[in-house]
Amino acid sequence: MQEECVSLQVCVSVVGALECVVRRCLGPDGGSVLFTRDTGETLITRHGQRVLRTLHLQHPMARMVLDCVCAHAKATGDGTKSFLLLLAALLRGIQDSHMQRKGSWSIPSLQNLANRLLAVSRKELEDVVTHKITPYASLYCSHHSYKLEGIILDLSISGYISGRVGISQADVLKRVLCEFYHKVSQDQNAVETISFIHSHFSFLHTSVTGLPIGCSEVIEGLVVTCDWSVWTEPAGSVKALILYESFGASFVTVGENISVCIQKDYLHRTESAMKQKLASLLDLQVHVVLSSVKQPESVLQWARLNHVSLLECVDSAQLDFLSNISAAETLSHPPLQHLVMLKYCRRVQLSGHRYACLGTFLHMHTLVLCAPAPGFLDQIVCVSQGVFAMLQHLSQSFCQTLASDQSQSPSSDQSQSVLSSQDLWGGILRAGGVLPVGGMFEFLLHHFLLNERNSCDPESCRLLAEALLCLPRTLYSHNHRRFLNIQTRFLDDLKQWDKTKEQRSEMPELKFGFGFSESSVPCLESVSGKKQLVVSVLQCLHRLLCVGAILNTRCPLRTGPQTHSEEDEDEEEEKPKHSNSTQSTDL
Amino acid sequence: MSRICKKKPAVCTDEPLSNSNICQKMALLRNILSTAYGPTGRLKQIHNNVGGHVLTTSTSTALLKRVDMSEPLLKMISTAVQHHTACYSDCGLFMGIFTLRLIENTQNNGLRTAAAAKVYKHLVEECNMYLKGDSCGCKVPVDFSNSDSLIALARSMIASKPACMLNSRETKHISSLIAQAFLYSIHCNSSGVSCFGRTVTIGIEGQSVSDSSVFPGLLVDVPEMLQHADLERLESGLFKVVLFSVSLSGDISEVGDVTLEIHRGVDPERDLLQQLLKLGEQVVMDKVNLFACQKVVHPILQHYLRKHGVVVIERLGLALMEPFVQLTVPVEAYGMVKEFCLQSCGSRELLQLLPSKDAAVSTMVLCHRNETMLEELKMTCKRAEHVLRLTLREPYALLGGGCTETLLATHITHMNCSKASTIAQALCISHSEFIMAVKAFCSSLQSVALSLEHDGQDCLIDLTYAHRWVPDIYSKTCSCGLVEDRSNLEKTPLKTAYHTFSPVSLENTDSQPRILDSFSAKLNALNVAVEMANFVLDVKYIIKDIN
């Protein structure tokens, strides 16, 4: 009996310790975590997943939780901190109810509870989200559509970043990210644009230190972080050659034991070989050479004399990207050479450094992110990347629902491929895909779960509902009265909503989100992401509760990432593990 | 077999800013920076216990580069200051002091960081608006039609670097040299996009500062074998120049570190030399007068060229390559030089090359008594020239001597106290939080102005123009020299309680400010400092990996 109690307690303390770290970073009023290594690396972040990864977790339970968190974050790109908070609250809730019952939780009953909670996530949660929350969100958004239309993207982005960078930086970052998205998309297919930015983000941004974040901007063209070795201002569009090897290399270094045999008139031969190569370039009418390696001095001089611009030491991955997006023509004779057409070539100056800027025919833009010091820059870059991961999840989950709707009603032949930016965001808005941030989802779910009449498991629903409130509570931890205020106001709103639904009268003003942030428009977050969060947490909880004992072995386990072995550790808050009671009950 | 080391758990610090140890270290850094601030700043000597070089300096760049911080938060601030000075060359100390003061004041007032961050952001935007606006009282336009304001800008910059060890006469001399070098570096016929010319700095040790001067064109070491007669033989007029960046030593260097197998009867060295001599013949045939090379030239080639009356300069070095190209303006293969002459600068004799066309290349020869001071002087001059260049982008300068800080603080207090409740509501914070944050911000600004004083004298602020004053019987003006003292000007010590007022801007005055600060640099420093303070205040948890 005692062992099982310890197991629940261990879970509570392990997850509690993790929660303690991340709860300081939650929401716009939260702070960040500074992480340093002895090597001098510093990292500032509010990103839940990054914080957890840097902790070097030792406890097997903790690492299992981390695995779950990462899996969730990979899917939605959001919600790692809320994940832990919710998990901890659920575990505490279970523990409390256990206290009240005076120790009636046995392992089977815990398992049973876990299974029941999982069942709730499959049935009741699904029901509530589809039939209650989504209509509410849709109604809410349509009610405020005059305020939300057109800026829903901005609002989703600021909802995402407000919890990840300081308040003072969020505005600027949001502005520049929106500008970036709009400039790249140019009214093209919105879903494709987002996944394009998401997957090629590393080539589409450049980072600059020493300037305030406010100096971040969007530059037309592709910025390459090196300067032209030879620069002549080309007029208009030009043909560019992409090279991956040195022109002068007469032999390739194979290994250490190379010997060179110098024959008569070798000077003439190497010279004429090079001349031939260069002459062939002029035949191709190439005016720009982009090389991933350093070129010999003679090539530079040749370029100067022939008014060819030359860029050396470009990251080869970036060159690959360039040749991919601009439909490069691969030359047949010398391998690894591509020809691309560039719209223009420029030189740009960013904080004292000169960089090359290449204009492609596809409307390519580069996001220039500035920060005072490298550690912060890292944070900004990471957040910006995360924004597009979140947007991708949002847009794809919308497309999925759209596709499933279409399969049900074959009459509508609206294909997904012609979804413009306006269609996509408007569609998400109408479909109730987003809700204001700041605990609205949690309040709604809490309310509906408690009042679910045809639920077969009211106890589990109540447990989940109570635990959900921990999120808004932490969000307003600095001002508890505010939390109560908001909750009361929200409940009033909801009652009125129910009443009007019955009477089918004019909709009342749903003030909720608006009075809430006290600025005119609230930020938004994705409903599907939130639902996924609750599901992931319940799955993780299921895994945690089904563990009966931990076995410490001394031989390495190679079965997979889910199994954990750990030698005896000296963590402060942990109870020692039982070593011999084999009761693995993971079913 | 390697042992697998167990990883140690990371060391965590919760709420680092309420940790007394960290606060102490922060105060120490602030103390180091603020005692080094300004013309009367105290010098800092940095040396290693093991021995080695001793550095005397008061500049933030030199100081922070060499002081290793153990505390990650301080390291962040230090890096940010260094990145700022790398871009703007000035106001590093200002930024450091202001950041640290702002953090300290926020902590002391017990402000909630999220609220403080919002207010600071709002205030810095207000500062930006005021400083960039037309009604700004602490900004003067830089007048390019005469050199006074340029010299004043350069002088304030040099004067605030006491480690240069210059007296007032020398300061004046050097600042006019800097202005001169700056003017040389601007192309006269700037049509469209033009880039700056080059100023090459040469340092000569053991000479008096007054021997420093600026020469148009490029000064290079006189080649060993060049005789006066050789120069005299050259007729006046344009001289043809050829410049090589590859080595002409005749080594087979490109092959690298491999075994060479050479066929019988083949002599690669001889082949190469023959090739070089062929080149020499071509050069002589094309009537080239000056043969320059970045690297080594084969002695036989050198001899051949000299025999044909060509002046050879070898081992120019990479640093001189670009100015050399700019100077000679090469067309096809050859460039031109108008004149050669020998210049003696102090103890050294140098060969001066004058540009044929309008090329903005000049050489600044700086002399100082010893190496340390010379290093500091060279660095300072380079930065001062950069600061002057920044005026072309934004042709303004700010009042120096702490007057900008006092004026700005007064303006911000005045602007925000009247509208406190509306702004606080818009920012979603309480009224008292807002008032306190404004106070913390303004008092941090005033602290920077106070840091200029190191001799225990009082700092005063007048209650009309909000300029900074130092009680001095000889001086009749405020710190920057714009406002003249009169009997009915009410003054009070800085950081004492006084009623808020809107600073009166001075109109129709003949007096010119004596001390000017760079506009762009200070504006960026102010912004970055607030951002840094916000970042640091935001840190709620430190995780230190000690593996």
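Residues numbered from 1 in each chain as written. Chains lettered and ligands numbered in written order. Predicted model: local features only at pLDDT ≥ 70, side-chain atom pairs only at ≥ 80, totals over all residues. Heavy atoms only, no water.

For chain B, the helix and strand inventory stands at 16 helices and 20 strands. C-alpha atoms of chain B, sized along the principal axes, occupy 90 × 80 × 45 Å. Looking at chain B as a whole, 53% of its 547 residues are labelled buried. Of the accessible surface of chain B, which amounts to about 25400 Å², a share of 51% is contributed by carbon and sulfur atoms. (Helix = DSSP H or I, 4+ residues; strand = E, 2+ residues; numbered from the N terminus. Buried < 20%, exposed > 50% of the residue type's maximum accessible area, 1.4 Å probe, protein only. Areas by Shrake-Rupley, 256 points an atom, 1.4 Å probe, with all protein chains shown as cover.)

What follows covers the overall build of chain A. The number of helices and strands found in chain A is 22 helices and 17 strands. The buried share among the 587 residues of chain A stands at 55%. A sequence separation of at least 24 residues applies to 77% of the contacts in chain A between residues at least 6 apart. Of the accessible surface of chain A, which amounts to about 26100 Å², a share of 51% is contributed by carbon and sulfur atoms. (Contact = heavy atoms within 4.5 Å.)

Attention shifts here to the environment of Thr366(A). Residue and element names in this part refer to chain A. Along the chain, Thr366 falls in strand E15 (residues 365-371). When its relative accessible area of 0% is taken as the criterion, Thr366 is described as buried. Separated by 148 residues in sequence, Thr366 and Val218 place their C-alpha atoms 5.7 Å apart. Leaving out residues up to four positions away in the same chain, Thr366 has contacts with Phe180, Leu204, His205, Thr206, Glu217, Val218, Ile219, Gly221, Leu222 and Val223. Among the polar contacts listed, one links the side chain of Thr366 to the backbone oxygen of Gly221, at a separation of 2.5 Å. A distance of 3.0 Å separates a polar side-chain atom of Thr366 from the backbone nitrogen of Val223. (Polar contact = N/O pair within 3.5 Å; in protein donor to acceptor, adjacent residues only side chain to side chain.)

As a further point, take the interface of chain A and chain B. Counting residues at the interface gives 57 residues for chain A and 56 residues for chain B. Taken together, the links from chain A to chain B amount to three salt bridges. One salt bridge in this structure joins Asp14(B) and Arg24(A), with 2.7 Å as the shortest N-O distance. There are eleven residue pairs in polar contact (both at pLDDT 80 or more) connecting chain A and chain B. For the side of chain A that touches chain B, the secondary structure elements donating two or more residues are strand E1 (32-37), strand E2 (42-45), helix H2 (48-54), helix H9 (167-185), strand E8 (259-262), helix H12 (266-283), helix H13 (297-305) and helix H15 (374-408) of chain A. A per-element tally of the side of chain A that touches chain B places E1(A) first, with six residues. (Salt bridge = Lys/Arg side-chain N within 4 Å of Asp/Glu carboxyl O.)

What follows is about the sheet that holds strand E13 (residues 348-355) of chain B. Strands in a sheet are paired, the pairing made by backbone hydrogen bonds, and the direction either parallel or antiparallel. Residue and element names in this part refer to chain B. Spatially, the six strands line up as an open sheet ordered E7-E13-E12-E8-E10-E11, and their pairing is mixed. Both edges of this open sheet fall to strand E7 (218-221) and strand E11 (311-313), since each of them pairs with a single strand only. The sheet shows a mean angle of 35° between the axes of neighbouring strands, direction not considered. Bridging between strand E10 (residues 290-293) and E11 involves three bridges; their strand directions are parallel. Opposite Phe291, over in E11, you have Val312 as the bridge partner. (Pairing = 2+ DSSP bridges. Axes fitted to C-alpha atoms, helices over the stretch in contact; angles between N-to-C directions.)

For the rest of this paragraph, the subject is the pairing of strand E12 (residues 335-345) of chain B. Residues and elements named next belong to chain B. Across three bridges, strand E8 (residues 239-244) lies against E12 in antiparallel orientation. By the bridge assignment, Val241 is partnered in E12 with Gly335. Strand direction decides the pairing type here: E12 and E13, joined by eight bridges, are antiparallel. Bridging from a neighbouring strand, Cys345 pairs with Arg348 of E13.

All right, on to the pattern of salt bridges then. Residues and elements named next belong to chain B. Counted according to the given criterion, the structure contains 28 salt bridges over all chains. The residue Arg30 makes a salt bridge to Glu104 at a minimum N-O spacing of 2.9 Å. Of the two residues, Arg30 is situated in helix H1 (residues 20-35) and Glu104 in helix H4 (residues 92-108); the sequence distance between them amounts to 74 residues. Side by side, Arg30 and Glu104 carry an identical accessibility label, which is buried.

Bringing the packing of helix H6 (residues 124-143) of chain A against helix H17 (residues 440-450) of chain A into the picture now. Residue and element names in this part refer to chain A. Between H6 and H17, the least distance of the axes is 10 Å, while the angle of their chain directions is 125°. Relative to H17, the element H6 lies oblique. Handedness of the crossing formed by H6 with H17: right-handed. Between H6 and H17, the contacting residues are Glu124, Leu125, Val128, Val129, Lys132, Ile133, Tyr136 and Tyr140 on the first element and Met440, Phe441, Leu444, Leu445, Phe448 and Leu449 on the second. In terms of residue class, the contact of H6 with H17 is made up of twelve nonpolar, no polar and two charged. (Parallel < 35°, antiparallel > 145°, perpendicular 65-115°, else oblique. Left-handed = near helix turned anticlockwise from the far one by under 90°. Nonpolar A, V, L, I, M, F, W, Y, C, P; charged D, E, K, R; others polar.)

Working definition: an aromatic ring pair is given by the centre-to-centre distance plus the angle between the planes. Taken as a whole, this structure holds 14 aromatic pairs over all chains when the rule is applied. An angle of 20° between the planes, with centres 4.9 Å apart, marks the rings of Phe203(A) and Phe321(A) as stacked. Taken together, the residues Phe203(A) in helix H11 (residues 201-204) and Phe321(A) in helix H14 (residues 316-325) connect sequence positions 118 residues apart. Note on accessibility: Phe203(A) and Phe321(A) belong to one class, buried. The structure contains a cluster of three or more aromatic residues connected by ring pairs, namely Phe94(B), Phe98(B), Tyr120(B) and Phe441(B). Sitting over the face of the ring of Tyr396(B), Lys139(B) holds its NZ or CZ atom 4.2 Å from the ring centroid. A cation over an aromatic ring shows up here: Lys522(B) above the ring of Phe94(B), its NZ or CZ 4.9 Å from the ring centre. (Phe/Tyr/Trp six-rings, centres within 6.5 Å; stacked < 30°, edge-to-face > 60°. Lys NZ or Arg CZ within 6 Å of the ring centre and 35° of its normal.)

Here the focus is the sheet that holds strand E20 (residues 539-545) of chain B. Strand order in the open sheet formed by four strands is E2(A)-E1(A)-E20(B)-E1(B), and the pairing between neighbours is mixed. Edge strands, defined here as strands with exactly one partner in the open sheet, are E2 of chain A together with strand E1 (11-14) of chain B. This sheet shows a mean twist of 15° between the axes of neighbouring strands, independent of strand direction. Along the sheet, helix H16 (residues 519-538) of chain B contacts E1 of chain A together with E20 of chain B; its crossing angle with E20(B), the most-contacted strand, is approximately 75°.

Residue and element names in this part refer to chain B. In the contact formed by helix H6 (residues 148-159) and helix H7 (residues 168-184), the axes pass within 8 Å of each other and the chain directions differ by 125°. Judged by the inter-axis angle, H6 sits oblique to H7. Handedness of the H6/H7 crossing: right-handed. Along its contact with H6, which presents Leu150, Ile151, Ala154, Arg155, Ile158 and Ala159, the element H7 presents Thr171, Ile174, Ser175, Ser176, Ile178, Ala179, Phe182 and Leu183.

Locating Gln294(B) in the fold gives a position in the loop between E10 and helix H10 (299-307). Those residues in contact with Gln294(B) that lie beyond four places of it in its chain are Phe244(B), Ser245(B), Arg315(B), Leu316(B), Gly317(B), Leu318(B) and Met321(B).

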